[in-house]
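Tertiary structure, described
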Amino acid sequence: MSEARRAIPPGAVPWLAAGAALLAHVRSVGAGLVYDDAMLLAGNPYFRDLGNLARLAGPGYWESLELSWRPVATGVHLLEFAAFGGSAAALHAVSVAVHALCAGLLGRLLIVLGLAPGPALLGAALFAVHPAIAEAVTLASFREDLLATAFLLVGALLAARGPGGPGRATALGAATALALGSKESALAFPAIYAAVAWARGRLRPLQPWIPSAAACGLVLAAYLACRFGPMRNPAEAGVPPIPGGIPGLVAADLWILGEYARLLAWPATLCADRGLPETLPAAGVALGGVVLAAGLAAAWLSRRRSARVAAGLAWAGAALLPVSNLVPLSVPLAERFLHLPAVGLAWACAAAVPSRRGAAVAGAALVALLALRTAVRAGDFRDDETLARATLAANPRSSRFHGNLGKALAEKGDLAGAMAEHREAVRLMPVERISRLNLAACLQNAAIARLDARRPEEARPLLDEAVEVLAPVARAGPPDWKGLLTLGSVEELRGNPAMQAVCYEAALAAAPGRPEPRRLWARCLLDAGRPRTALAVLESAPPLVRGLPEIAALEARARAEAGR
C-alpha cells in the first residue's frame, strides 16, 4: 500500500482520470451530428435563438422538441450554439469535456472517501473509459446524462464533507437543483448523498443534516410541482404498459438489469437501439435475478468490513432505479442510462481492489483494453449510415435503424436500397407511423424519378403502393397531418385532384396552426379554379402563418384571380 501511495500523489488522481477520459473519447470529436443529434440539434431552429433561454420554464420550451422538461441541459445547448454556431466538433468537444470533468470529480471523491491513490485512480479510470457509456459521451443530444452525473458528483463531494452550515446546505440544494434540471435520473440523489455520507462516516448524528435535508427537500418539491404540473408534456403519457401485468413488469425489469450487468462486465457488443424482445429469454431474466441477489448480498456482507464497497453498490442501485422501467419508459433500455450507475460500480470496484502492484498492473491493462474498445465505438458515429449498419449488425430487428439506413441511402441516391430498408422497417413495426411515412416518401421520390425519365408505367405501381402504405396512417386517430400531406401529393402524381384536395383539407383540419397544409390546400384550390375558397382558407390563418412569404404570395394570387 505504501508503494502505491508513493507512486501516485493523491492530488494527481482527478487530473489523471480526466486525462484518461479525454484520450479514450477524443475520437468522438470528429463524429457527425447523427441519430437524435440530427433532429434535436442540427436541424432545430430553437437553438439558433439565444432568446429562448427565457422560455425554458414556459410553453415555448416544447419547441425544443424535447419530450421531457430538462431546462439545464437545454440551456447549455442554447449557450453553446450561441458560442460555436452549432459546430459538430464543438458540440462533441463539450460533451467530452463534461465527461472528463465527471471522471475527475469521481477521482477526487474516491480520495476524499479515504481510498489509496492507486485504487482511486483505477476506479475513476474505469468509469472514464468504459465503452458502455460511450453513447452518452459521443451523442451531444444525450448531454443531459453527463450533466446530471456531474452535478450529483458535486453534491456528493459536498455531502462527503459533512452537514456543515447554511452555506453548505444552500450549495447542496443548488447542485441538486441543477442535476434535476438536467435529467430525471437525478431523482436518485437522496440515496446517493446518504451513501456518500455513510461511507465517509458523517451520516450520524442526523440532526446536523436537517438544514441540508430541508434545502434538498424544498428543491425536490419545487421540481416535482413544476415537472408534473405546468411543465408536464402530455406526449409522455403515451408509453404503453408492458404486457403481462405485474409478473411481466418484474420479468422485464430483471431482464433489463441482466442486460445492464452484461454490458458493464463484457461490453463487446454495443448497440444504439436495445428494445425489449418480443419474448423475454428465461436465461436473461434468471441472470437479472442472480445479479440482483448478488448485489444485495455483496452490499449486506460488506457493510461492516468495507462500508465503501457497500456504499458504491448502493449508488449503482439507486441510480439504476429511475431507469429500471418500473414506470414504463418510452426507451426501456439504453446504454446512455448507464452513465450515472457506472459511477457507483467503479467506486465499488475501486474500494474492493487491494493496493498491490499486481492489481495495479492488471487494472492498467484492463483500462487500456476498455479505452481501445471505446475509441473503436466512437467510429460508429461517423455518419448515419455507419451508425445504422453497426446497430443493425447487433440488432437486426431495429425498425428505427432500418428507417435511418433507408434515409441515409436515399440521400446517396440509392432509392432501391432505401425502399428495401423502409419496407423492412414497416414489416417489423407495422403500427409505427414514421416508418410508413418514410416508406411512402421514398416511394414517391422513386416514382417522380421514373416520371422524369418518361417511364410512367414503372411509376404507377410505386404510387399505388404508397397509397396502400399510407392508408392506415390516414385512417388512424388522431389524424396525422404529415401522412395526409404525403398522401395528397401522391394522389396528385396519380392524377387524382379530388382526393388530393380531400387529403390537404383533412391535414389542415388536423393541424390548423401549421403553414404546410394551408399552403398546399390553397394552392390546390387555386389550381382548381376556386380562388374565393382559397382566399378564405388563407385569410383564416393565424397571424404568424399569414405573414409567411409563401402564404402572402398565395393570398395575393388568390385576390387577383378572385377580382377578375
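Residues numbered from 1 in each chain as written. Predicted model: local features only at pLDDT ≥ 70, side-chain atom pairs only at ≥ 80, totals over all residues. Heavy atoms only, no water.

1. Description of the pattern of salt bridges
Note on pairing: side chains with opposite charge can pair once their charged atoms come close. Within the structure shown, the criterion is met by 31 salt bridges. Glu278 is the salt-bridge partner of Arg397, the closest N and O atoms lying 2.8 Å from each other. Taken together, the positions of Arg397 in the loop between helix 17 (384–394) and helix 18 (399–411) and Glu278 in the loop between helix 12 (245–265) and helix 13 (282–305) put the pair 119 residues apart, joining distant regions of the chain. A residue is classified by how much of its surface remains accessible, and Arg397, at 48% relative accessible area, is partly exposed. Glu278 sits in the exposed class, given a relative accessible area of 71%. Note that Glu492 and Arg523 form a salt bridge whose closest N and O atoms lie 3.3 Å from each other. Within this pair, whereas Glu492 is found in helix 22 (residues 481–493), its partner Arg523 is found in helix 24 (residues 515–527), the two being separated by 31 residues in sequence. With relative accessibility at 37%, the residue Glu492 sits in the partly exposed group. Here the salt bridges do not stand alone but share partners, grouping Glu66, Arg70, Glu144, Glu184 and Arg227 into one network. (Salt bridge = Lys/Arg side-chain N within 4 Å of Asp/Glu carboxyl O. Helix = DSSP H or I, 4+ residues; strand = E, 2+ residues; numbered from the N terminus. Buried < 20%, exposed > 50% of the residue type's maximum accessible area, 1.4 Å probe, protein only.)

2. Topic: helix 11 (residues 210–227)
With 18 residues, helix 11 ought to run about 26 Å at 1.5 Å a step, and its terminal C-alpha atoms sit 25 Å apart, in line with that. Buried positions along helix 11 lie against helix 9 (166–182) and helix 10 (189–199). (Expected span 1.5 Å × (residues − 1). Contact = heavy atoms within 4.5 Å.)

3. So, the environment of Ala441
Looking at the element boundaries, Ala441 is found in helix 20 (residues 433–452). Overall, Ala441 belongs to the partly exposed group, its relative accessible area being 28%. A C-alpha to C-alpha distance of 36 Å links Ala441 and Glu259, two positions 182 residues apart in sequence.

4. Considering the packing of aromatic side chains
Here the structure, examined in full by the defined rule, presents eight aromatic pairs. Summarising the aromatic geometry, the rings of Tyr35 and Phe142 are spaced 6.5 Å apart at their centres and angled 90° between planes, so their arrangement reads as edge-to-face. Highlighted residues: Tyr35 in the loop between helix 2 (13–25) and helix 3 (36–42) and Phe142 in the loop between helix 7 (134–138) and helix 8 (143–160), separated in sequence by 107 residues. Under the relative-accessibility criterion, Tyr35 is labelled buried at 10%. On the numbers, 5.5 Å between centres and 25° between planes, the contact of Phe47 with Phe81 is stacked. Linking Phe47 in the loop between helix 3 and helix 4 (71–84) with Phe81 in helix 4, this pair joins segments that are 34 residues apart in sequence. Here Phe81 falls in the buried class, since its relative accessible area comes to 5%. The rings of Tyr35, Phe142 and Phe401 are connected pair by pair, giving a single aromatic cluster. Across the ring face of Phe228, the terminal group of Arg227 is positioned such that the distance to the ring centre comes to 4.9 Å. (Phe/Tyr/Trp six-rings, centres within 6.5 Å; stacked < 30°, edge-to-face > 60°. Lys NZ or Arg CZ within 6 Å of the ring centre and 35° of its normal.)

5. Examining the packing of helix 22 against helix 24
Interaxial distance between helix 22 and helix 24 falls to 10 Å at its minimum, and their mutual angle equals 25°. Viewed along their axes, helix 22 and helix 24 adopt a mutual orientation that is roughly parallel. Along this stretch, helix 22 crosses helix 24, giving a crossing that reads as left-handed. The residues of helix 24 that touch helix 22, namely those facing Trp481, Leu485 and Glu492, are Glu516, Pro517, Leu520 and Arg523. Residue composition of the contact of helix 22 with helix 24, grouped by class: four nonpolar, no polar and three charged. (Axes fitted to C-alpha atoms, helices over the stretch in contact; angles between N-to-C directions. Parallel < 35°, antiparallel > 145°, perpendicular 65-115°, else oblique. Left-handed = near helix turned anticlockwise from the far one by under 90°. Nonpolar A, V, L, I, M, F, W, Y, C, P; charged D, E, K, R; others polar.)

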